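Below, each chain spelled out in residue letters.
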Amino acid sequence: MGSGGRWIFWTVCVCFTTLENVALRVTMRQIRVEVVQGHTVILPCSFFTSSPLSRLNIIWTLAPFSSPESPIQVIVYDHGQVIEDPSLTGRVGFTGIPWSADIVLNDTRVSDAGVYRCMVSNPPETADPGVGELLLSVLAPPSLPVCQWDGDVDAGGSVTLSCSVTEGVPTPQIHWDKLNPQEISLPIIMEGDVSGSVHMINVSSQTSGLYRCSVSNLLGTENCFVHLSIYNTPDTTSGILQAVLLTLSMSLVLVALLVLGTWLHRTGQDGRSERKDEDEFRNPQTLMKCSFV
């Protein structure tokens, strides 16, 4: 074989080697995608192949953030047929099959968030499918928080205000404020990412008022309220003392009335005796009659 023949043979080998090396290549044009809950999003997945597409196979899977150990099959393209996961029927579809592996996801939900994997194979080019991954985040405003209080609302007691929220991406920030008579920000004890409480000890009438819990993230703010009324309990010691003093006072009044009554009675008897003696003295005939009898 001449030099020209050897050169042609080497060129053909290089070309076949190059085609073999780049026969199937999967490219993710984005590795992180964000969407607001309820909106539509396109998950991109491009591939290059040098073989006919009659045996093209594309599989999209999802490992949800809520259960990454249990991936689900989202949608499949196999020999010209499209198969959707029953839970996503009507919400997922290919956008440019068979030339593109991109899919569209409608009416997005927080549960759609997770790691998506695009797997492409096109026999006989390769034994193992090409794989690409992207991370989908579904943003959601905070849900309406739930406010509660617990404790002793009598003066001197302790009260705990709690606030919890079930939804929101990114995770909502929790704040407690007292609104009246003036707005005051309160220190919070966080219990995980979605619950925050305020603990108040030795409460008094000044603790009474309207309290607000605010939960907020990039997409909005929601509030709930608690109206707290602190009751002042009567002083039992002073009450007993007042009762004793009242009893003593009444006893003294009764004694005074008794003494006054006795004195008046005796005074009345003495007065009658004196008047009788005076009458006898003024009528000597009566005395004389009595003496001759």
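Position numbers for residues start from 1 in each chain and track the written sequence from start to end. Local features in this predicted model are restricted to residues whose pLDDT is 70 or higher, and side-chain atom pairs enter the listing and the counts only when it is 80 or higher, whereas totals over whole chains, interfaces and linings include all residues. To get the side-chain values, all heavy atoms of the structure are used, and hydrogens and water are removed first.

1. A closer look at the state of the cysteines
A covalent bond bridging the sulfur atoms of two cysteines is what the word disulfide describes. Only a pair of cysteine sulfur atoms within 2.5 Å qualifies as a disulfide here. In total, this model carries 3 disulfides according to the counting rule given. What pairs with Cys 45 in a disulfide is Cys 118, and their sulfur atoms sit 2.0 Å apart. Disulfide Cys 45-Cys 118: torsion about the S-S bond near -80°, hence left-handed. Within this pair, whereas Cys 45 is found in the loop between strand E3 (41-43) and strand E4 (46-49), its partner Cys 118 is found in strand E10 (residues 114-121), the two being separated by 73 residues in sequence. Secondary structure counts use DSSP, requiring at least four H or I residues in a row for a helix and at least two E residues in a row for a strand, with both numbered from the N terminus.

2. What to know about the sheet that holds strand E7 (residues 81-84)
Read from one edge to the other, the open sheet built from 6 strands follows the order E2-E11-E10-E5-E6-E7, with strand pairing classed as mixed. Each having just a single partner strand, strand E2 (32-36) and E7 make up the two edges of the open sheet. Sheet twist, expressed as the average angle between the axes of neighbouring strands with direction ignored, equals 20°. We treat two strands as partners when DSSP finds at least two bridges between them. Both E10 and strand E11 (residues 130-139) contribute to a ladder of 7 bridges, which runs antiparallel. Each residue of the ladder has a partner; that of Val 115, found in E11, is Leu 135. Note on geometry: axes are lines fitted to C-alpha atoms, helical ones only across the stretch in contact, with angles between N-to-C directions running from 0 to 180 degrees.

3. Observations regarding the environment of Val 153
Looking at where Val 153 falls in the secondary structure, it is placed in the loop between strand E12 (146-151) and strand E13 (159-164). Using a 1.4 Å probe on the protein chains alone, a residue whose accessible area is under 20% of its type maximum counts as buried, one over 50% counts as exposed, and one in between counts as partly exposed. Taking relative accessible area as the criterion, Val 153 reaches 16% and is therefore assigned buried. Taking the C-alpha atoms as reference points, Val 153 and Leu 228, separated by 75 residues in sequence, lie 8.0 Å from one another. The contact criterion used throughout is that any non-hydrogen atoms of two residues lie within 4.5 Å. Residues in contact with Val 153, not counting those within four places in the same chain, are Val 159, Leu 228, Ser 229, Ile 230 and Tyr 231.

4. Some thoughts on the pattern of salt bridges
Think of a salt bridge as a Lys or Arg side-chain nitrogen and an Asp or Glu carboxyl oxygen that are within 4 Å of each other. On inspection of all chains with the given rule, the structure shows 6 salt bridges. Asp 102 serves as the salt-bridge partner of Arg 29, at 2.6 Å between the closest nitrogen and oxygen. Taken together, the positions of Arg 29 in the loop between strand E1 (24-27) and E2 and Asp 102 in the loop between strand E8 (92-94) and strand E9 (103-105) put the pair 73 residues apart, joining distant regions of the chain. A relative accessible area of 47% places Arg 29 in the partly exposed class. By relative accessible area, Asp 102 is classed as buried at 9%. In this structure, Asp 112 and Arg 91 form a salt bridge, with 2.9 Å as the shortest nitrogen-oxygen distance. Residue Asp 112 is found in the loop between E9 and E10, and its partner Arg 91 is found in the loop between E7 and E8; the two are separated by 21 residues along the sequence. The exposure classification of Asp 112 matches that of Arg 91, with both residues buried.

5. Details of unusual backbone geometry
Put simply, Pro 123 and Pro 124 share a cis peptide bond, and its omega is 5°. In this structure, Pro 124 sits in the loop between E10 and E11. Of note, the phi angle at His 79 is positive, near 50°, even though the residue is not glycine. Unlike most non-glycine residues, Asn 202 shows phi in positive territory, near 50°. The residue Asn 202 is located in the loop between strand E17 (195-200) and strand E18 (209-217) in this model. When its relative accessible area of 59% is taken as the criterion, Asn 202 is described as exposed.

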